[in-house]
Amino acid sequence: MIWWLEFRRVLFRSNFYKANQSRYIQKERRQIAFIKTKSKKDAQQIVSELKSGKPFTALAKLHSIDEETKNNGGRYPVEITADQGFSIHNKTTTDKIFQIKVGENTKPILSSGAYYIFKVLRKTPEQRPQFEKIKEQVGFDYKRQKTQNLYQQLITETLAAAEVKVFPERMK
């Protein structure tokens, strides 16, 4: 009998995973570095120096006005994903970063009142984890969803039994 309960538990989790796979996809990511400047002229000068072969990290340490990344050669501490902006940057900036290849730099980009030159250091492709690797997380998510559904059902039944009238237009 215990084996049957374990089989059902795994089956429910597996079916939940199949129905909600998009929830567990790790989106494509980029590890980046950037140089932040005050003016377009400064940014264009840095691009010229990059084209002449000067290392990005050295130029970031020398010219970047971003105190958080400057000393690390411009390296941004976390990977960014294509579907959203990051830090103070919008999705348009992210889109431009995702258009370049690993090792390449962007042209100067105006974002949040400063000019940036981005470099892609590493590309991590989209990953679809196997069920076995995330089955505990899937189990947790399955239980959470079931609990939420039961609470919603309880609220709906309680309101109906008490003949409560809800006026959504007054909930603004």
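Residues numbered from 1 in each chain as written. Predicted model: local features only at pLDDT ≥ 70, side-chain atom pairs only at ≥ 80, totals over all residues. Heavy atoms only, no water.

Help me understand unusual backbone geometry, please; the structure alone is not making it clear to me.
Apart from glycine, the bulk of residues carry a negative phi angle, and the bulk of peptide bonds sit in the trans form. Despite not being glycine, Ser112 has its phi angle at roughly 55°, a positive value. If you trace the backbone, Ser112 turns up in the loop between strand 3 (109–111) and strand 4 (114–124). Residue classification places Ser112 among the partly exposed positions, given a relative accessible area of 49%. Phi is positive for Glu163, close to 55°, though the residue is something other than glycine. Within the secondary structure, Glu163 sits in the segment after helix 6 (131–161). (Helix = DSSP H or I, 4+ residues; strand = E, 2+ residues; numbered from the N terminus. Buried < 20%, exposed > 50% of the residue type's maximum accessible area, 1.4 Å probe, protein only.)

Please clarify how the nonpolar core should be interpreted in this entry.
Grouped burial of nonpolar side chains is what soluble globular proteins tend to show. Among the nonpolar cores identified, the biggest contains 13 residues, and Ile32, Tyr76, Ile80, Phe86, Ile97 and Phe118 are the most heavily contacted of them. Mapped by element, the contributors of at least two residues to this core are strand 1 (29–37), helix 5 (91–98) and strand 4. Apart from the residues within four sequence positions on either side, Ile97 is in contact with Ile32, Ile80, Phe86, Thr106, Phe118 and Val120. Formed by 11 residues, the second largest nonpolar core is a distinct cluster that contains Ala33, Ala43, Val47 and Leu50. (Core = buried A, V, L, I, M, F, W, Y, C linked by side-chain atoms within 4.5 Å. Contact = heavy atoms within 4.5 Å.)

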